[in-house]
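Structural overview for review
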Amino acid sequence: MRRRLLIGLTALSVLTAATACGSSDSGGSDGAGSSGGTTSVTVGLIPIVDVAPLYLGQKKGFFSERGLKLEFSSAQGGAAIVPGVASGQFAFGFSNMTSLMIARSNNVPVKAVANGIASTGVVGKDFEALTVKDDSPIRSAKELEGRKVAINTLKNINETAVRASVRKAGGDPDKVELVELAFDQMPAALDGGRIDAAMVVEPALATIKSQGGREIASPMIDIAPELTVAMYFTSVKYAQENPETVKKFQEATAESLAYADSHPDEVREIVTTYTKIPADVLAKVTLPKWPAEPNRASIEELAELGAEDGLFKQNPDLDELLP
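A short tour of the structure in this document, coming up. All figures in this text were calculated on a predicted structure; none of them were measured in a lab.

Quick notes on the rules
Residues numbered from 1 in each chain as written. Predicted model: local features only at pLDDT ≥ 70, side-chain atom pairs only at ≥ 80, totals over all residues. Heavy atoms only, no water. Salt bridge = Lys/Arg side-chain N within 4 Å of Asp/Glu carboxyl O. Buried < 20%, exposed > 50% of the residue type's maximum accessible area, 1.4 Å probe, protein only. Helix = DSSP H or I, 4+ residues; strand = E, 2+ residues; numbered from the N terminus. Contact = heavy atoms within 4.5 Å. Expected span 1.5 Å × (residues − 1). Pairing = 2+ DSSP bridges. Right-handed = clockwise from strand over helix to strand, strands pointing away. Polar contact = N/O pair within 3.5 Å; in protein donor to acceptor, adjacent residues only side chain to side chain. Core = buried A, V, L, I, M, F, W, Y, C linked by side-chain atoms within 4.5 Å. Axes fitted to C-alpha atoms, helices over the stretch in contact; angles between N-to-C directions. Phe/Tyr/Trp six-rings, centres within 6.5 Å; stacked < 30°, edge-to-face > 60°.

1. Focus: the pattern of salt bridges
- Enumeration over the complete set of coordinates arrives at 15 salt bridges.
- Glu215 is the salt-bridge partner of Lys209, the closest N and O atoms lying 2.9 Å from each other.
- Residue Lys209 is classed as partly exposed on the basis of its relative accessible area, which comes to 35%.
- The class of Glu215 is partly exposed, set by a relative accessible area of 25%.
- A salt bridge links Asp319 to Arg296; the nearest nitrogen and oxygen atoms lie 2.9 Å apart.

2. Overview of the environment of Leu287
- Here Leu287 is to be found in the loop between helix H11 (279–282) and helix H12 (296–308).
- Take Leu287: its relative accessible area is 12%, and that puts it in the buried class.
- As a C-alpha pair, Leu287 and Ala118 span 169 residues in sequence and 9.9 Å in three-dimensional space.
- Setting aside its immediate chain neighbours within four residues, Leu287 contacts Val49, Thr120, Phe127, Pro264, Val267 and Arg268.

3. Quick look at helix H4 (residues 157–168)
- Taking 1.5 Å per residue as the helical rise, H4 with its 12 residues ought to reach 16 Å, and the 16 Å between its terminal C-alpha atoms agrees with that figure.
- Burial of H4 is extensive: 10 of the 12 residues sit out of reach of the surface.
- Considered for burial, the residues of H4 that qualify are Ile157, Asn158, Glu159, Thr160, Ala161, Val162, Arg163, Ala164, Ser165 and Val166.

4. Comments concerning unusual backbone geometry
- In this structure, the amide linkage connecting Glu202 to the following residue, Pro203, adopts the cis form with an omega of 5°.
- Residue position: Pro203 is located in the loop between strand E9 (197–201) and helix H6 (204–210).
- Residue Lys155 is not a glycine yet carries a positive backbone phi of 60°.
- Take Lys155: it is sitting in the loop between strand E7 (148–151) and H4.
- Even without being a glycine, Glu226 presents a positive backbone phi close to 55°.
- Inspection of the secondary structure puts Glu226 in the loop between helix H7 (219–223) and strand E11 (228–235).

5. As for the pairing of E7
- The sheet contact formed by E7 and strand E8 (residues 177–180) spans 4 bridges and is parallel. Residue pairing across strands places Lys148 opposite Glu177, the latter belonging to E8.
- In terms of handedness, the path from E7 via H4 over to E8 forms a crossover that is right-handed.
- In the sheet, E7 pairs with E9 via 2 bridges, with the strands oriented parallel. If you follow Val149 over to E9, its bridge partner there is Ala197.

6. Topic: H12
- If you check H12, its first and last C-alpha atoms are 18 Å apart, about what 13 residues at 1.5 Å a residue would give, namely 18 Å.
- Along H12, the positions that sit buried rather than exposed are Ser298, Ile299, Leu302, Ala303, Glu304, Leu305, Gly306 and Ala307.
- Of the surrounding elements, those touching the buried residues of H12 are helix H3 (97–105), H4, H7, E11 and helix H13 (318–321).
- A side-chain oxygen of the first residue of H12 lies 3.2 Å from the backbone nitrogen of Ala297; this N-cap is Asn295.
- Taken from the residues just after H12, Gly310 is the one with a positive phi, measuring 75°.

7. Overview of the nonpolar core
- Ranked by size, the top nonpolar core spans 103 residues in total, and within it Leu144 and Phe249 carry the most contacts.
- With 6 residues, the single largest contributor to this core is helix H9 (residues 243–262).
- Ignoring sequence-local partners within four residues, the contact set of Phe249 consists of Val43, Leu54, Phe63, Leu68, Leu70, Phe92, Val113, Ala114 and Tyr232.

8. Thoughts on the sheet that holds strand E6 (residues 128–132)
- The strand order across the open sheet built from 5 strands is E8-E7-E9-E6-E10, with neighbouring strands paired in mixed fashion. Of all strands in the sheet, those bounded by a partner on one side alone are E8 and strand E10 (214–217). Strand-to-strand twist across the sheet, computed as the mean angle between neighbouring axes with direction ignored, equals 35°.
- Note: E6 against E9, 4 bridges, orientation antiparallel.

9. Side note on the environment of Ser235
- Structurally, Ser235 is set in strand E11.
- By relative accessible area, Ser235 is classed as buried at 7%.
- In the structure, Ser235 is positioned 147 residues away from Gly88 in sequence and 7.5 Å away in space, judged by C-alpha atoms.
- Sequence-distant contacts of Ser235, defined by excluding residues within four places in its chain, comprise Val85, Ala86, Pro109 and Val110.

10. Focus: the packing of aromatic side chains
- Applying the stated criterion to the full structure yields 8 aromatic pairs.
- Aromatic side chains Phe62 and Tyr259 sit 5.7 Å apart centroid to centroid with 65° between the ring planes, which places their arrangement in the edge-to-face category. With Phe62 in the loop between helix H1 (52–60) and strand E3 (68–74) and Tyr259 in helix H9, this residue pair connects regions lying 197 residues apart in the sequence. Here the two residues Phe62 and Tyr259 agree in accessibility, since each one is buried.

What follows is the structure in structure tokens.
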């Protein structure tokens, strides 16, 4: 029997707070912001590997074929993207599932419309990992009790992930000292002994491995096999007022995801156009999976664990959130 969702309160955040710029040219109706049969829409994105399919899809013409022109606006995290979409600053945005569920639990009217990324489902070969130094005595997540573990944001998806790995290994997650640290600062902090372990994603994971670091768990996989980690979303208002634009965005994104999933070399190439990840590091990066459809069962597991960890003000309604 599924655990009953508990009630908690948390701040609406993911990664680090940032000020995003740019605005949607298509608002109010499907015709707004259109020119010559093309509708321009602004998409709030984090400049990371995860969103490569949209850049690739734009280059391949998957969006233009449907009369859409994407204008990308970079932000450091969902702390800017979620309210940006909710306020109409962005037509669409990208955020992890926990942040979207937190938003819904706080009555922020957002709606997921297209899949984002998923775990590879292969332990030890995922785009994320719980890592330690090469000479660390820690061999399992259970041994993190009493240790200092870095995550990028407290009370969000990576906290849930670390706690899931500790539980699975037979440990008590409440005994782990979680500290907030930006992903790009984790390799140096781990190497310098300022933290005992780090929950990292690519490309920080590749950097830690290059320093001789070891993986002790694949936390996203410990939450659920092939976990849907993030999705593209819009506001309920925008979806109601622009159904055709949303449909076109969904179709073009699904095509872009499928193309990216089967063309990893082109993904690595496009990533160099919007990030500062060095080519030699990018070559070693483990890419996420980009399935066309979200895995609802995995999202339900994430919701249950998030509730157990006290992340939600009230139970997030997945029927209202998911497409």
